[in-house]
Amino acid sequence: MSKRKHSSSAGTSQKRARPAQPEEADEESDEPRDVHPAHNTHLTSGEVGIIESISLKNFMCHALLGPFTFGPNVNFVVGNNGSGKSAVLTALIVGLGGKAHATNRGSSLKGFVKEGESSADVSITLRNRGPDAFKPEVYGDGIIVDQRISSDGVRSYKLKSKTGNLVSAKKEELIALLDHFNIQVDNPVSILTQEMSKHFLQSKGEGDKYKFFMKATQLEQMKEDYTYIMKTKTVTQNNIEKHEESLDDLKRQYLEKEDKFKSLASLDEMHDKLEELKHQMAWALVTEIEKQLQPMRERISAEENGTVKFDQKIEEWKGKVVEAERKYKAYFDQLESVSERVQVLEPQCRSLKEESQAKSNACKAAEAAYHRNMTNLRHLEKDKEQLTKRINELKNSVSQSTEADRLQRLDRINRLQQELQALRDQDATLSQQQDQFQQVIGKYREEVAKLRREEQDLQRQTEAKRRDLRDMQASRTDKIKRFGVQMPGLLAAIDDAHRKGQFKEKPIGPLGFCIRLRDPILALAIESCLKALMNSFCCDNYRDEKILQAIMSRHYNQGRRPQIIVGEFSRTLYNIRDRAVNHPEFPTVLQALEIEDPVVANCLIDMRGIETILLIKNNSMARRVMQSGNPPKNCREAFTQDGDQVYMNRYYSCDQKRALYLSGDVEEEIRQIGAEIENQLAHIAKFNQRIHALEDEIRNNENLLRKTHENKKRVKDNMRKIQFEIGDLQNVEEPQSEDINTLEEEFQDICVKINAAKQDSENAKIKLNQLRRVLEEAEQNYRRHKEEISNIKEEADPIKDELGKAEQEVERSKHHAKHYGDKRKAHVNTIQRLKADLDSKETELQASIAQATEICAERVEVRRTAKSLDSEMNRLRQKITSQQDQQGDRDEIIRQYQEAVNKYKHIALQVKNLKRFISLLGKIMNDRHKAYTEMRMYLSVRCKYYFDSLLSQRGYSGKMSFDHKNETLSIAVQPGEGDKAALNDMRSLSGGERSFSTVCFVLSLWAIAEAPFRCLDEFDVYMDMVNRRISMDMMLKIAASQRYRQFIFLTPQSMSSLPDNGLMRILRLNDPDRGQTALPFGRRNQEDEEK
């Protein structure tokens, strides 16, 4: 059986296929894609059909405009109202053969001639390069289309080559040119004029939108053609009926005349004729048998040739099996290599992490020591400054004091300095305590964050366990609920659809519900082996699969649906005698299961190869059996009682701890799950308890840190008070005495301490910098190893996916190889049966030849059938036996007979030809109408898709509904989030929002209609600045992705904010002369239209 592969594809209707520009499918990617079909992007610009330049003379109200040279990709024609933008677009339509009313600027061509002039001229140059060029040997790289319009409304064409040589002056040549380039000047998607844009914006009718869609996609023209053809068919059918009514009378007259004519022959001629007919009859029977033999021989020959194709298919799929197995081995080797690399790097990463943490602690300690040294140095510097000041004051003092007062002050200063030193030591201690408290708080906070993450993981696991518990409790009364709460409803819907006859064969599933265990202890091993197949369904054909998909979509709105496996149901078990494993001690998965339905068994054989997988309860025994160098014959892998997977050269542990679907004791399973939930809740409680304890510790340390900070502030205040008092005592003026020497000695001591403190600070700083560099290197090594491990693990994910796909491809290829082998066998049996029928028919031919030889020895070539010969013989016998008594004039009988024959044959031939024509026309029209309906449907779906994608770029949501029966198209758009507001009709939108939605609709039509260039005139009418900017970005993005196509935008906006881009060209028109007169447009008769 083969698993159905779902894919989506979009077809595009094109008048001419562009070489080397295939469309690419949007896959299945769930990111917003470019809303237009992706063509071959190696083309930097269009090669055929784009407009290179245009010039106008005496056209509308302009004496001379241009020549304007357009770029190959994006062009903006910018100018104020009246500057000639719309005149350029009108000239483009008229210059390429468009009618006057298509421009919405007048009803007659003569209205485009400037007032007071005799004629107007329009010259357009089209690019003509590459393999799709139109008559490149005649026109060269460009085609110049010159058109002159006289004041009488008559226009003439001149088609010139790139060098200016006249090639043709016929309109048929221009039409052929436009058809070749697929230029449609009257198609609003190719050229959307200002009036058409405004009319479409203001249009409220759903029928108008539908007509716009039909015209843009040329479906309207196809519909008109089909209507005309059906009218012609009806007229022809009426003619056939009239001729058939007269044909019976003519045939009767013809036969009557024939009888009279033949009655003129003699009876001898009738006898000779009858004898001749007997000879022909004998050999006619032989000829008919020979004619039957030829198709039989041809069919046998064709079937024998078909045997070669089956052989090729078998060899092809055998080759694919080899290739798929090679890919599987390659992906497996890659996965093994990635696992080994991770195992090698993880111990190193742990060691580097511990080393980095140790370096970080050492660095923090060195930083604290450095700060203490710097604090001590600042204190010594301050003491030095105060001593210097005091010594200078003593030296300069002129006041006298007693020796007793001086000694008393010195004693007070010494006591204060001792107190100050004690306070400094206390301040250093408090600073160190602050650092310790901050480190402890940071460490506890990191641990709390880690515990909270682990607690969240446990909460999610507990919720999953609770869901499993609910499913298990529900399965007490209905075991099918083990496969999901949706499964009973799904099976009921399948039964209902089967009763209604929607399925050819009722789907079977889930497969895990269709199997039973012989040994319940192997439940986990078998579930680990089958995995997703436990929930899978089997379908006999792809039609049933589509119906089942629709039913599943109603029951599985979200989440993963069960897998559907498609393959023809076989009610007999496969013959697996030669490829199954036969081990004397250990069973295979197939042997360990009781499977009543052979369809289920065959499916598991096809998809998983359960006849080649052993079940070995003991892990060490499984390793010895599979990895001893001599595994059992036909054995690919084995599973242990714990669900571990064992190959010949690798071993995978199972993450699943218990069986979900095949466990026999439901109450035991419920008890185990309940115990696991209780255990996890206890862990969660422990986590919470630990978190609360850590949070208490954090609060205690924060309180201690706050108290330490207050104590340090109090110590600082006391230090300042003592320093002030010392300064006051030292500032007391007294005559210079012997105490100055003591102060100078103290000054020298402080200088020595300062030098020592500086040296200690410098050493501490050097050590700190060294430790920081070492820490940075350690952290870099740790991060590099950690990133390397993460990258390697990320490499393993796609390899695992590819490994699974490769395994499925191996199974699929083997299934196809077997399928074609069976078909070849049936094909050979058919050939043998056909050969036996041929031998029987040849024996009949020999007997018929013997009978014919007895009647007529010499073979007679016969072109008529035996039935017609028999009828003629009977009629001839009647003529011979019945003598005609009266005969008319011989010449008159011959003349009447000839006239009747000719008239009958003429009418019969007409009827035959007309019937053949009607039959062929009916078949063609059925095919055409079917293709037309499919094309209309595909274009509608693609238009909806592109419209939704474009709206989403602005954050809008919308809905486009086609009613092809009533020929209406309704568009509903909602600005903002689509799931928070209802969709509204476009009539309720603002002018800017409606214009933006219309631009999205036009861009959607661009995606489904091909043209070498696109022109939009004032597309941003009624738009606000936001929608105009978004619409412009959308169109520029589309233009950048379609460099082979030309875009011409006409707008009164300055376009100064556009980026500088080599693919973009801006043509700025001069402001209009406000003194010019109005255009001479008016209502004119239809006969003034072009000739």
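Look a little higher up for the structure.
About the criteria used
- Residues numbered from 1 in each chain as written.
- Predicted model: local features only at pLDDT ≥ 70, side-chain atom pairs only at ≥ 80, totals over all residues.
- Heavy atoms only, no water.
- Helix = DSSP H or I, 4+ residues; strand = E, 2+ residues; numbered from the N terminus.
- Buried < 20%, exposed > 50% of the residue type's maximum accessible area, 1.4 Å probe, protein only.
- Contact = heavy atoms within 4.5 Å.
- Pairing = 2+ DSSP bridges.
- Core = buried A, V, L, I, M, F, W, Y, C linked by side-chain atoms within 4.5 Å.
- Phe/Tyr/Trp six-rings, centres within 6.5 Å; stacked < 30°, edge-to-face > 60°.
- Lys NZ or Arg CZ within 6 Å of the ring centre and 35° of its normal.
- Axes fitted to C-alpha atoms, helices over the stretch in contact; angles between N-to-C directions.
- Left-handed = near helix turned anticlockwise from the far one by under 90°.
- Nonpolar A, V, L, I, M, F, W, Y, C, P; charged D, E, K, R; others polar.
- Salt bridge = Lys/Arg side-chain N within 4 Å of Asp/Glu carboxyl O.
- Patch = residues over 30% accessible without salt bridge, like charges linked within 9 Å, V, L, I, M, F, W, Y side chains within 5 Å.
- Areas by Shrake-Rupley, 256 points an atom, 1.4 Å probe, with all protein chains shown as cover.
- Lys, Arg positive; Asp, Glu negative; His and termini not counted.
- Charge placed at Lys NZ, Arg CZ, Asp CG, Glu CD.

(A) Broad picture of the overall build of the protein. Broken down by element type, the protein carries 20 helices and 23 strands. Here the protein holds 1091 residues, and 41% of them are scored as buried. In the protein, the share of contacts with a sequence separation of at least 24, taken over all contacts with a separation of at least 6, comes to 78%.

(B) Geometry of helix H1 (residues 85-95). The buried count for H1 comes to 11 of 11 residues, which makes it a mostly enclosed element. Those residues of H1 that fall on the buried side of the exposure criterion are Lys85, Ser86, Ala87, Val88, Leu89, Thr90, Ala91, Leu92, Ile93, Val94 and Gly95.

(C) The sheet that holds strand E21 (residues 1013-1017), seen in detail. Reading across from one edge, E9-E21-E22-E4-E23 is the order of the 5 strands in this open sheet, with parallel pairing throughout. Of all the strands in the sheet, just strand E9 (191-192) and strand E23 (1064-1068) have a single pairing partner and so form its edges. Strand direction decides the pairing type here: E9 and E21, joined by 2 bridges, are parallel. Of the residues in E21, the one forming a bridge with leucine 192 is leucine 1016.

(D) Expanded view of the nonpolar core. Of all hydrophobic cores here, the largest spans 51 residues; its most connected members are Phe76, Phe213, Phe1001 and Leu1005. Per-element accounting of this core gives the leading share, 10 residues, to helix H19 (residues 991-1008). Judged by nonpolar contacts, the second largest core, of 46 residues, contains Val88, Ile124, Phe181 and Ile1048.

(E) Local environment of the sheet that holds strand E17 (residues 651-652). The strand order across the open sheet built from 4 strands is E14-E15-E16-E17, with neighbouring strands paired in mixed fashion. The open sheet has two edge strands with one neighbour each: strand E14 (613-615) and E17. Two elements, strand E16 (residues 645-646) and E17, share 2 bridges in a ladder whose sense is antiparallel. Of the residues in E17, the one forming a bridge with glutamine 645 is tyrosine 652.

(F) View of the side chain of serine 86. Mapped onto the elements of the fold, serine 86 is located in helix H1. Discounting residues that sit within four places of it in the chain, serine 86 has contacts with Arg105, Gln194, Asp1017 and Leu1050.

(G) Focus on the packing of aromatic side chains. Per the stated rule, a full pass over the model turns up 15 aromatic pairs. Arranged with centres 6.1 Å apart and planes meeting at 90°, the rings of phenylalanine 483 and phenylalanine 513 form a pair that is edge-to-face. Of the two residues, phenylalanine 483 sits in the loop between helix H8 (403-474) and helix H9 (487-499) while phenylalanine 513 sits in the loop between H9 and strand E10 (515-517), which places them 30 residues apart along the sequence. Looking at phenylalanine 483, the relative accessible area reads 7%, which means it is buried. A network of ring pairs unites the aromatic residues Phe76, Trp1006, Phe1047 and Phe1049 as a single cluster. Over the face of the ring belonging to tryptophan 317 we find lysine 320, whose NZ or CZ atom lies 4.0 Å from the ring centre. Geometry around tyrosine 651 places arginine 623 over its ring, the cationic atom sitting 3.8 Å from the centre.

(H) Representation of unusual backbone geometry in the model. In this structure, the amide linkage connecting glycine 66 to the following residue, proline 67, adopts the cis form with an omega of 5°. Residue proline 510 is bonded to the preceding glycine 509 through a cis peptide linkage, with omega at -10°. Positive phi values are uncommon outside glycine, yet asparagine 182 reaches one of about 60°. Take asparagine 182: it is sitting in the loop between helix H3 (171-181) and E9. Take asparagine 182: its relative accessible area is 7%, and that puts it in the buried class. Not every positive phi belongs to a glycine, and lysine 531 is a case in point at roughly 50°. Secondary-structure assignment places lysine 531 in the loop between helix H10 (523-530) and strand E11 (537-539).

(I) A look at the packing of H9 against helix H11 (residues 542-555). Relative to each other, H9 and H11 sit at 145°, their axes nearing to 10 Å. With respect to the hand of their crossing, H9 and H11 are arranged in right-handed fashion. On H11, the residues touching Gly489, Leu490, Ala493, Ile494 and Ala497 of H9 are Leu548, Ile551, Met552 and His555. For the contact of H9 with H11, the class distribution of residues is 7 nonpolar, 2 polar and no charged.

(J) Expanded view of the pattern of salt bridges. For the coordinates displayed, the defined rule picks out 38 salt bridges. Across the pair arginine 460 and aspartate 457 runs a salt bridge, and its minimum N-O distance is 2.2 Å. Of this pair, arginine 460 and aspartate 457 are both found in helix H8, 3 residues apart, which corresponds to roughly one turn of the helix. Note on arginine 460: relative accessible area 52%, which makes it exposed. For aspartate 457, a relative accessible area of 35% corresponds to the partly exposed category. For the salt bridge of aspartate 696 with arginine 699, the shortest nitrogen-to-oxygen distance reads 2.0 Å. Of this pair, aspartate 696 and arginine 699 both sit in helix H15 (residues 666-730), 3 residues apart, roughly one helical turn. Using a relative accessible area of 43% as the deciding quantity, one classes arginine 699 as partly exposed. The structure contains a network of salt bridges with shared partners spanning Glu52, Arg127, Arg129 and Lys162.

(K) Representation of the pairing of strand E22 (residues 1046-1051). For E22, the tally of buried residues reaches 6 of 6 residues, placing the bulk of the element in the interior. Where strand E4 (residues 74-78) lies against E22, 5 bridges are found, and the strand directions are parallel. Paired with valine 78 across the strands is threonine 1051, a residue of E22. Pairing analysis gives 5 bridges linking E21 to E22, with the strands arranged parallel.

(L) Summary view of the environment of threonine 375. Among the structural elements, threonine 375 can be located in helix H7 (residues 267-396). Owing to a relative accessible area of 18%, threonine 375 belongs among the buried residues under this scheme. For the pair threonine 375 and alanine 757, spaced 382 residues apart in sequence, the C-alpha separation works out to 9.7 Å.

(M) Expanded view of a positive patch on the surface. There is a patch of like positive charges on the surface, built from Lys353, Lys450, Arg453 and Lys786. Tracing the sequence through the fold places lysine 353 in helix H7. Using a relative accessible area of 40% as the deciding quantity, one classes lysine 353 as partly exposed.

Limitation: the analysis is restricted to geometry and does not speak to function.
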